[in-house]
Amino acid sequence: MNHHAIAPTPPMGWNSWDCYGAAVTEKEVRANADYMAKHLKDFGWAYVVVDIQWYEPGAVSSQYRPFVPLEMDEYSRLMPAVNRFPSAADGRGFKPLADYVHGLGLQFGIHIMRGIPRQAAHAGTPIKGASVTARDIAHPNSICPWNTDMYGVDAMKEGAQAYYDSLFELYAEWGVDFVKVDDIAASRLYDTHLPEIAMIREAIDRSGRPMTLSLSPGPAPLAHADFLERNANMWRMTDDFWDLWALLLDMFDRCEKWQGRTGPGHWPDCDMLPLGHIGIRSVDGGGADRWTRFTKDEQVTMMTLWTLFRSPLFFGGELNDNDDWTLSLLTNREVLAMHRDGMEARLVYRTGDSIVWTSKGPDGVRYVALFNTGAAPLQVGVTLDALGWSEGAASALDMWASEALGTVGERLELEVASHGARLIKLS
């Protein structure tokens, strides 16, 4: 099947990184899946994703332990650490956990690093379906600058495609629905790893199981946009995004750069939502165990930009600790309908601290986001002509407040809080 049919709308889910770093356990994954099934599934949230180093028995945080032994099968493929994922014992891998997630009506995902384990290359272990070994296909000069687990795979070597085929054959057997591949969309050393992306695309197609393909980290180069659309479902526009205003402000530039490139099955990705209780065992982003450092207004700004732009949405906090406010950000049906069905998101203008974006909805609806990036409240406005509205007066709904604002004539203008946003539906 065409991989664009796999993610016709922007994927939505939970990922373990922001709260548990490299050290999440099966118990924690199951608990977050339970919460999603009970509180979020009916709103379109679907994926439960185990992030990096699930194969590292001694992982304790987001700080990677260099050159440590990793759990691996006889074919050079990494396996879940049984001390952290007990159901993976006896070679069962992630199948029992995936079955549990599927039983809740949800989808299961994993994070992997580009390449082949260094320990497999050093040991010369076999590749399933090939006469060569891991040593023969490893590219020792193609390394990740921040993690020591892998060497790149040399696409020119016999057995390179067979290795990736064997990986995704295994993931298909486990029942994996989503794969986030890291150190591949952009690299501090090598730019985008196009040959390995192409091998991964081929391997997923050969596996016979539809899997959403996510590429990290960013910023992925706009010059590769066509290639990324042909091979992946989502790709990061940014390096890791955390709960810092400077990073949120920067995202406006990135969305402006990538506007017009979103569509069914191919989604530029603003990265995760560092909301709620994060940093439990993840010390990246300049903070330890904490609630998000974003103010409520900044949280609304982030959710407004992500949803109107139609970025994938992956919540990063411990779901079971959500308060009513955090849950309300994830369950606003008007906002999620815009995220699902909006079209042609674009920047209308950016002047000083005022930013206005718009998109189209079904039945002639227009969505309008008014942002204030300044330090004081600000009147932000836009003419209906600038929005492409030609229907005369419009009825306005404040989507976050679920409040009718009455009729708008030629111009919409509202007060917006510092670092805040107003999201309006015109019909």
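Residues numbered from 1 in each chain as written. Predicted model: local features only at pLDDT ≥ 70, side-chain atom pairs only at ≥ 80, totals over all residues. Heavy atoms only, no water.

Looking up the protein chain in an unreviewed UniProt entry gives the name Alpha-galactosidase, with the organism given as Cohnella nanjingensis. Of the comments in the UniProt record for the protein chain, the one headed Catalytic activity (unreviewed entry) reads "Hydrolysis of terminal, non-reducing alpha-D-galactose residues in alpha-D-galactosides, including galactose oligosaccharides, galactomannans and galactolipids." On record in UniProt, under Sequence similarities (unreviewed entry), the comment for the protein chain is "Belongs to the glycosyl hydrolase 27 family." (UniProt positions renumbered as here; feature names shortened; annotations may be inferred.)

Draft legend 1. Inspection of the pairing of strand β15 (residues 354-360) at higher detail. Across the 7 residues that make up β15, a large majority, 6, are buried. In the sheet, strand β14 (residues 343-351) pairs with β15 via 6 bridges, with the strands oriented antiparallel. Directly across from Leu347, in β15, lies its bridge partner Trp357. Linking β14 back to β15 in an antiparallel pair, the connection comprises 2 residues, with Gly352 at a positive phi of about 60°. Where β15 folds back onto strand β16 (residues 366-372) in an antiparallel hairpin, the turn is made up of 5 residues, including Asp363, whose phi is positive at roughly 60°. (Buried < 20%, exposed > 50% of the residue type's maximum accessible area, 1.4 Å probe, protein only. Helix = DSSP H or I, 4+ residues; strand = E, 2+ residues; numbered from the N terminus. Pairing = 2+ DSSP bridges.)

Draft legend 2. The packing of aromatic side chains, seen in detail. Applying the stated criterion across every chain yields a total of 19 aromatic pairs. Ring centres 5.2 Å apart and planes at 85° place the aromatic pair Phe85 and Phe94 in the edge-to-face group. A residue is classified by how much of its surface remains accessible, and Phe85, at 1% relative accessible area, is buried. Here Phe309 and Trp357 contribute two aromatic rings whose centre-to-centre distance is 6.3 Å and whose plane-to-plane angle is 85°, an arrangement assigned as edge-to-face. Of this pair, Phe309 sits in helix α10 (residues 296-309) while Trp357 sits in strand β15; the two residues are 48 residues apart in sequence, bridging distant segments of the chain. Residue Phe309 is classed as buried on the basis of its relative accessible area, which comes to 1%. Feature note: the residues Trp54, Tyr55, Phe85, Phe94, Phe108, Phe168, Tyr171 and Trp174 constitute an aromatic cluster, connected by ring pairs. Here the basic side chain of Lys296 rests over the ring of Trp325, its NZ or CZ set 4.9 Å away from the ring centre. Sitting over the ring of Phe43, Arg333 keeps its end group 4.0 Å from the ring centre. (Phe/Tyr/Trp six-rings, centres within 6.5 Å; stacked < 30°, edge-to-face > 60°. Lys NZ or Arg CZ within 6 Å of the ring centre and 35° of its normal.)

Draft legend 3. Structural view of the nonpolar core. Membership of the largest hydrophobic core comes to 127 residues, with the highest contact counts inside it found for Trp54, Ile110, Phe168, Tyr171, Leu215, Trp306 and Trp357. If you tally residues by element for this core, the top one is helix α6 (residues 160-174), at 10 residues. When residues are assigned to domains, this core turns out to be shared by domain 1 (3-341) and domain 2 (345-426), each giving three or more. For Phe168, the residues in contact, after removing those within four places along its chain, are Ile112, Val179, Ile200, Ala203, Ile204, Ser207 and Met211. Among the nonpolar cores identified, the runner-up in size contains 17 residues, and Leu370, Leu412, Ile424 and Leu426 belong to it. (Core = buried A, V, L, I, M, F, W, Y, C linked by side-chain atoms within 4.5 Å. Domains from an automatic or database assignment. Contact = heavy atoms within 4.5 Å.)

Draft legend 4. Fine view of the sheet that holds strand β7 (residues 178-182). Strands sit in the order β10-β9-β8-β7-β3-β2-β1-β13 across an open sheet of 8 strands; the sheet is parallel. In the strand order of this sheet, the two ends are held by β10 (267-269) and β13 (313-315), each with one partner. Across the sheet, the mean angle from the axis of one strand to that of its neighbour is 25°, orientation sign disregarded. (Axes fitted to C-alpha atoms, helices over the stretch in contact; angles between N-to-C directions.)

Draft legend 5. Structural view of helix α7 (residues 194-207). When the terminal C-alpha atoms of α7 are compared, their 20 Å separation across 14 residues agrees well with the 20 Å that a helix rising 1.5 Å per residue should span. For α7, the complete set of buried residues consists of Glu196, Ile197, Met199, Ile200, Arg201, Ala203, Ile204 and Ser207. (Expected span 1.5 Å × (residues − 1).)

Draft legend 6. A look at the packing of helix α9 (residues 245-258) against α10. Where α9 contacts α10, the axes come no closer than 11 Å and their chain directions differ by 15°. Comparing their axes, α10 and α9 come out roughly parallel. Pair α9 / α10 crosses with left-handed handedness. Residue-level contacts link Trp245, Leu248, Met251, Phe252, Cys255 and Trp258 of α9 to Glu298, Thr301, Met302, Leu305, Trp306 and Phe309 of α10. (Parallel < 35°, antiparallel > 145°, perpendicular 65-115°, else oblique. Left-handed = near helix turned anticlockwise from the far one by under 90°.)

Draft legend 7. Structural context of the pattern of salt bridges. For the structure on display, the rule yields 26 salt bridges. For Glu202, the salt bridge identified is with Arg206, shortest N-O distance 2.8 Å. Within this pair, Glu202 and its partner Arg206 are both found in helix α7, separated by 4 residues, close to a single helical turn. Residue class for Glu202 comes out partly exposed when judged on its relative accessible area of 32%. Since its relative accessible area comes to 52%, Arg206 is described here as exposed. Measuring nitrogen to oxygen at the nearest pair gives 2.9 Å for the salt bridge that ties Glu229 to Arg261. (Salt bridge = Lys/Arg side-chain N within 4 Å of Asp/Glu carboxyl O.)

Draft legend 8. The arrangement of the UniProt feature "domain: Alpha galactosidase C-terminal" (unreviewed entry) in the protein chain in detail. Here the UniProt-annotated "domain: Alpha galactosidase C-terminal" (unreviewed entry) positions come out as residues 351-426. Helix makes up 0% of residues 351-426 and strand 58%, and the two end C-alpha atoms of the span are 23 Å apart.

Draft legend 9. Main features of the sheet that holds strand β4 (residues 116-117). If you trace the 3 strands from one edge of the open sheet to the other, you get β4-β6-β5, paired in antiparallel fashion. Whereas interior strands pair on both sides, the edge strands pair on one side only; in this sheet they are β4 and β5 (138-143). In this sheet, strand β6 (residues 150-153) lies alongside β5 in antiparallel orientation, the contact comprising 3 bridges. Considered in β6, the bridge of Ile143 is made with Tyr151. The strands that α6 touches are β4 and β6; relative to β6, the one it contacts most, it runs at about 120°.

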